[in-house]
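A closer look at the structure
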Amino acid sequence: MSRRSEAAVTVHVPPVEAQLLDAHVTIVEVRGYTSFTGERRYIVSCFVEWGGYRSPVFQLDVRDNEELERKLRVEVAKMKLAVASGFTLPFQRTA
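What this report covers is the structure whose coordinates are included nearby. Please read all numbers here as calculations on a predicted model, not as lab measurements.

Scoring rules and cut-offs
Residues numbered from 1 in each chain as written. Predicted model: local features only at pLDDT ≥ 70, side-chain atom pairs only at ≥ 80, totals over all residues. Heavy atoms only, no water. Phe/Tyr/Trp six-rings, centres within 6.5 Å; stacked < 30°, edge-to-face > 60°. Lys NZ or Arg CZ within 6 Å of the ring centre and 35° of its normal. Helix = DSSP H or I, 4+ residues; strand = E, 2+ residues; numbered from the N terminus. Expected span 1.5 Å × (residues − 1). Buried < 20%, exposed > 50% of the residue type's maximum accessible area, 1.4 Å probe, protein only. Arc of directions from axis to C-beta. 1 Å grid on protein atoms, 1.4 Å probe; cavity = no way out; pocket = protein on both sides within 12 Å on 5 of 7 lines; lining within 4 Å. Points joined across faces, edges and corners; volume = space filled by probe spheres on them. Nonpolar A, V, L, I, M, F, W, Y, C, P; charged D, E, K, R; others polar.

**Here's the deal with the packing of aromatic side chains**
Counted by the stated rule, this structure contains zero aromatic pairs. In this structure, Arg 54 is placed above the aromatic ring of Phe 47, and the distance from its NZ or CZ to the ring centre is 3.7 Å. Positioned over the ring face of Tyr 53 is Arg 93, at 4.5 Å from the centre of the ring.

**Notes on helix α1 (residues 65-84)**
Counted at 1.5 Å a residue, the expected span for α1 with its 20 residues is 28 Å, and the 28 Å between its end C-alpha atoms agrees. Restricting attention to buried positions, one finds in α1 the residues Glu 67, Leu 68, Leu 72, Val 76, Met 79, Ala 82 and Val 83. Down the axis of α1, the buried side of the element spans an arc of 170°, and every buried residue falls inside it. Turned more than 90 degrees off the buried face of α1, the exposed positions are Leu 81 and Ala 84.

**Structural notes on the layout of surface pockets**
Size it by volume and the largest pocket reaches roughly 250 Å³. If you trace the largest pocket, you find 16 residues lining it, with Ile 27, Asn 65, Leu 68, Glu 69 and Leu 72 closest to the centre. Those elements that provide at least two residues to the lining of the largest pocket are β2 (16-20), β3 (23-34), β4 (40-50) and α1. Residue classes in the lining of the largest pocket are distributed as eleven nonpolar, two polar and three charged.

See below:
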């Protein structure tokens, strides 16, 4: 019986691009881990482009694709609200 090392980590670098709520989302890295409760979770690094602005790369801690989509929708909405209200300092101008 072989025992898998607890330190073994698999890293996926997917550069995946998708459209969500009229925004362009780029996932640059996904790293899986096992939480202290034994649940498999993922740290997703991504950025959002919308309205001529690009967000900094940020991380989301998710359980599955459904949770990732929900959290991305929140991030896109926050960015849209910030840009629409004139608070563009955290974002880089793209156009």
